[in-house]
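So the chains spell out like this:
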Amino acid sequence: MAPAGADTPVRFGIALVPATETLDRLRELARAADDAALDLVGIQDHPYQRRFLDTWSLIPALLAATERVSFFTDVANLPLRPPAVMAKAAATLDVLSAGRFELGLGAGGFPDVIASYGGPRRTPGESVEALEEAIEVIRLLWSGEPSVSFEGEHYRLDGARPGPRPAHPIGIWVGAFKPRMLRLVGRKADGWLPSLGVLTRDELRAGNAMIDAAAEKAGRDPGSIRRIINVQGVIGDQAAPSRSELPVGYLAGEPLAGSAAWWVETLAGFVDDGFDTLVFWPVDPSPDQVELLAGDVMPDLRRSG
C-alpha cells in the first residue's frame, strides 16, 4: 500500500473475529467488504484461543473468496510464530493474491497464555528487543538477496536463502501501546496499528506525537508511517451491547454506537488526529453493517478528506 502522507486518501477496512462457529459469516463479510470496495479486512491472531480458527489458514481461504480487498493480520502473534517462517508465509500469501496482504505484527500481549502454549515468556523489554529483531529478519527474507545472515539475542539467520519475494512492498504495521514500542514504530515500522479502547483518544494522540519524534530522530519522514486505528461499534439506531455482553475476541472498552452521520463526525476526528486508515470492528458482524459503512459513512469521509 502507498505510504501515508498529506495526499494519501483515507482508507477503510473492517476487522473480524475468527470464531470457528462463524465461518460462513466470515466468508459472507469478506465478500461484502470486497463488493463494497473496502480497502482492508483484518483478522486477529490468537493461536491459543480454542474458539478461534487459525488466522494464517483462514486468510488464504478468504483471499481465494475475494478479488480486490486486501487482508492483514490484526496482529500476528510473534512469540508463537518464528519470524523467518512468518516472512515466507506472508510473501507467499502476497504472491498468491497478487499483492493483497499486509503484515500486522505484535509482541504478544498475554505472556502467561503464550507460555502455556509453548512460547517464550519474555519481559516487556525483551518483547521490544525481539520485535525489533523480527522486523530485521522479515525484511532480510523479503530482500531477494541470494543468502542472508543475522545475529540477534532472540533470532538468528545463518546463510538463509530468501524467497519468494512479495508481489508488492508489504507493510509491517506494529500493534504498539507503550512508549518503548512506540519509539520502535518510529524507528523501524511501516505503520502503527492501535485500538481505541486499549488506548484512549488522548493516548492515541500522544502516541502519534511520540512516533513522529522517534521517526525524526532516526532520520525518517513521519509521514511515511501509516496510522491505522481499530474502532469497534455499531452503525445505526440500535444500541450497542455492553462490553460484558460481547463474546471473546472484542476490544477492551465500551463499543461506540450512533447514526451514520455520527460515525462520519467521529471518524473524521481520528483523521484530524493523524490516522489515515480507519478499521471498523462491527460488534454486529453482519453484511448490513458493511453496507452502512461503505454507503453512508465512507463517501462523506472521503469527500471531507
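Our subject is the structure that appears above.
As the structure is a prediction and not an experimental result, all values here were calculated from the model.

Student: Mind laying out the pattern of salt bridges, listing which residues take part and the relevant values?
Tutor: Throughout the structure, instances matching the rule amount to 18 salt bridges. Asp34 is paired through a salt bridge with Arg68; the nearest N and O atoms lie 3.9 Å apart. Linking Asp34 in helix α1 (residues 23-35) with Arg68 in the loop between α2 (55-64) and β3 (70-73), this pair joins segments that are 34 residues apart in sequence. Given the relative accessible area of 5%, Asp34 is considered buried. For the salt bridge of Arg205 with Asp202, the shortest nitrogen-to-oxygen distance reads 2.8 Å. Taken together, the residues span about one helical turn, with Arg205 and Asp202 both in helix α7 (residues 201-217) at a distance of three residues. Accessibility expressed as a relative area gives 57% for Asp202, which makes it exposed.

Student: So what's going on with helix α8 (residues 260-272)? Residues and values would help.
Tutor: The first and last C-alpha atoms of α8 sit 18 Å apart over 13 residues, in line with the 18 Å expected at 1.5 Å per residue. Among all positions in α8, only Ala260, Trp263, Val264, Thr266, Leu267, Gly269 and Phe270 are buried.

Student: An account of unusual backbone geometry is needed here, citing residue identities and associated values.
Tutor: Here Asp74 and Val75 are connected by a cis peptide whose omega angle stands at 0 degrees. Tracing the chain through its elements places Val75 in the loop between β3 and β4 (76-77). Across the junction of Gly163 and Pro164, the peptide omega takes the value 0 degrees, indicating a cis bond. Residue placement: Pro164 occurs in the loop between β7 (156-160) and β8 (172-174). One non-glycine residue, Ala37, lies in positive phi territory at about 65 degrees. Mapped onto the fold, Ala37 is located in the loop between α1 and β2 (40-43). Positioned with a positive phi, Ala98 is a non-glycine residue whose angle comes to about 60 degrees. Residue placement: Ala98 occurs in the loop between α3 (83-96) and β5 (101-106). Residue Ala98 is classed as exposed on the basis of its relative accessible area, which comes to 66%.

Calculation criteria
Residues take numbers from 1 onward in each chain, read along the sequence in its written order. Under the rules for a predicted model, residues below a pLDDT of 70 receive no local features and side-chain atom pairs below 80 are neither given nor counted, while totals for whole chains, interfaces and linings still include all residues. Values reported for side chains reflect all heavy atoms of the structure, with hydrogen atoms and water molecules removed beforehand. Salt bridges, as used here, are contacts in which a Lys or Arg side-chain nitrogen is within 4 Å of a carboxyl oxygen on Asp or Glu. A run of DSSP states H or I qualifies as a helix once it reaches four residues; a run of E qualifies as a strand once it reaches two. Both are numbered from the N-terminal end. The buried label goes to any residue with under 20% of its type's maximum accessible area, the exposed label to any with over 50%, and the partly exposed label to all in between, with areas taken from a 1.4 Å probe on protein chains only. Helix span, expected: 1.5 Å multiplied by one less than the number of residues in the helix.

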